[in-house]
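Structural features, examined
Spelled out from the first residue to the last, the chains are:
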Amino acid sequence: MIISALQFSPSFLDVSANLRILAEYLETCPADLAVLPELCTTGYFFHDTEQLHSVAEALDGPSCTFFREAAREQNRAIVAGFAERSGDAVFNSAVTVFPDGGMHVYRKVHLFAEEKRHFTPGDTGFPVIRWGDRLRLGVMICYDWRFPEAARTLALKGAQLIAHPSNLVAAPRHWKPVMRARSFENKVFTVTANRNGEEFRGQERLHFHGCSQIIAPNGTTLEEVDEDFDGWISADIDPVRADEKAFSPWNDIMTDRRPDQYEL
Ligand code: ACM
């Protein structure tokens, strides 16, 4: 199975322009499973909640409709971050769509910085999504990387691969080795699709670090790029590799766990 992550810089608040750009990128994507960045249809650095609400969409809005159509026409699964309106709430969400029209949503659990002013904290937990017998997929968004519970929950629920749409801004880039550790400690594939570029609010500047990466269950980096790269990074993987949790005849990272000794 070919998995790809897209690195690019969305146009702030311009959903139609971003959908056009994403359509072009998807035309050249080699993937069975394509992972797009967090909030890839809107940009990130909202000036106020009203501005966010002006671009937030329900699940039957233009963005999810576009992703569903693309998945169907291109016969691939797509994971994409977007601003999800649900009643009065707006969630920082990632939609997963499949060629057969199946659609699932993860709503970001751990809100970062000013996201707490604008978004409602996610209420979906960390679902594992089955793509037939091809893949068991988990999704977490950006700042969820700081919480080992997120990836661990997904791994305990059977995820073979964690898609990680991101808008990572922190320097130094601790998330890179930490996401390798998330792969290593859970023996799962992780795919971080991080946007690049910058956004402004008056004199304030937010810089996004790119450096997307794909990591194997043994912690090996399968693919990574620097900040300036625009486009897809890809790897050909066998998801079944993530079902092997033993690393020696003596040790299996799941059955060696001692939940009775943990306080979580
Ligand atoms: C982040 O969670 N967008 C840093």
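Residues numbered from 1 in each chain as written. Predicted model: local features only at pLDDT ≥ 70, side-chain atom pairs only at ≥ 80, totals over all residues. Heavy atoms only, no water.

Some thoughts on empty space enclosed by the protein
One pass over the structure, following the stated rule, counts one cavity of 30 Å³ or more. In this model, the largest cavity occupies a volume close to 90 Å³. Lining the largest cavity we find Tyr 44, Lys 108, Phe 112, Glu 115, Cys 142, Tyr 143, Trp 145, Arg 146, Asn 167, Leu 168, Val 169 and Ala 170. Looking at side-chain class alone, the lining of the largest cavity contains eight nonpolar, one polar and three charged residues. (1 Å grid on protein atoms, 1.4 Å probe; cavity = no way out; pocket = protein on both sides within 12 Å on 5 of 7 lines; lining within 4 Å. Points joined across faces, edges and corners; volume = space filled by probe spheres on them. Nonpolar A, V, L, I, M, F, W, Y, C, P; charged D, E, K, R; others polar.)

Describing the nonpolar core
Counting residues in hydrophobic clusters, the biggest one holds 45 residues, and the most contacted among them are Ile 3, Leu 33, Val 79, Leu 137, Val 139, Met 140 and Leu 161. Excluding anything up to four places from it in sequence, Leu 161 contacts Ile 3, Leu 33, Leu 135, Arg 136, Leu 137, Gly 138, Phe 189, Val 191 and Ile 237. Core analysis: the next-biggest nonpolar cluster, separate from the first, contains 36 residues, Leu 19, Cys 64, Phe 67 and Ala 80 among them. (Core = buried A, V, L, I, M, F, W, Y, C linked by side-chain atoms within 4.5 Å. Buried < 20%, exposed > 50% of the residue type's maximum accessible area, 1.4 Å probe, protein only. Contact = heavy atoms within 4.5 Å.)

Some remarks on the layout of surface pockets
When its volume is computed, the largest pocket comes out at roughly 150 Å³. For the largest pocket, the full set of lining residues is Pro 148, Glu 149, Arg 152, Thr 153, Leu 156, Arg 257, Tyr 262 and Leu 264. Considered class by class, the residues forming the lining of the largest pocket number four nonpolar, one polar and three charged.

Here's the deal with the environment of Arg 152
Secondary-structure assignment places Arg 152 in helix 5 (residues 148-156). It is 8.0 Å that separates the C-alpha atoms of Arg 152 and Arg 182, two residues lying 30 residues apart in sequence. Every residue in contact with Arg 152, bar those within four places of it in the chain, is listed here: Glu 185, Asn 186, Met 254 and Arg 257. (Helix = DSSP H or I, 4+ residues; strand = E, 2+ residues; numbered from the N terminus.)

Here we look at the pairing of strand 4 (residues 89-97)
With respect to burial, strand 4 is a largely interior element, nine of its nine residues being buried. Of the two faces of strand 4, both are covered, the one formed by Ala 89, Phe 91, Ser 93, Val 95 and Val 97 as well as the one formed by Val 90, Asn 92, Ala 94 and Thr 96. Sheet topology note: the strand 3 (residues 77-86)/strand 4 ladder contains nine bridges and is antiparallel. Along strand 4, the bridge assignment pairs Phe 82 with Ser 93. Joining the antiparallel neighbours strand 3 and strand 4 is a turn of two residues, in which Gly 87 adopts a positive phi near 60°. For strand 4 and strand 5 (residues 103-107), the ladder comprises five bridges, and the chain directions are antiparallel. Within strand 5, the residue paired with Thr 96 across the bridge is His 104. Where strand 4 hands over to strand 5, the hairpin turn is made up of five residues, of which Gly 101 adopts a positive phi near 95°. (Pairing = 2+ DSSP bridges.)

Focus: the packing of aromatic side chains
By the definition in use, this model includes nine aromatic pairs. By way of ring pairs, the aromatic residues Phe 12, Phe 46 and Phe 119 are connected into one cluster. Note that Arg 107 overlies the ring of Phe 91, its terminal NZ or CZ placed 4.0 Å from the centroid. Between Arg 134 and the ring centre of Trp 131, over which it is positioned, the NZ or CZ distance is 4.3 Å. (Phe/Tyr/Trp six-rings, centres within 6.5 Å; stacked < 30°, edge-to-face > 60°. Lys NZ or Arg CZ within 6 Å of the ring centre and 35° of its normal.)

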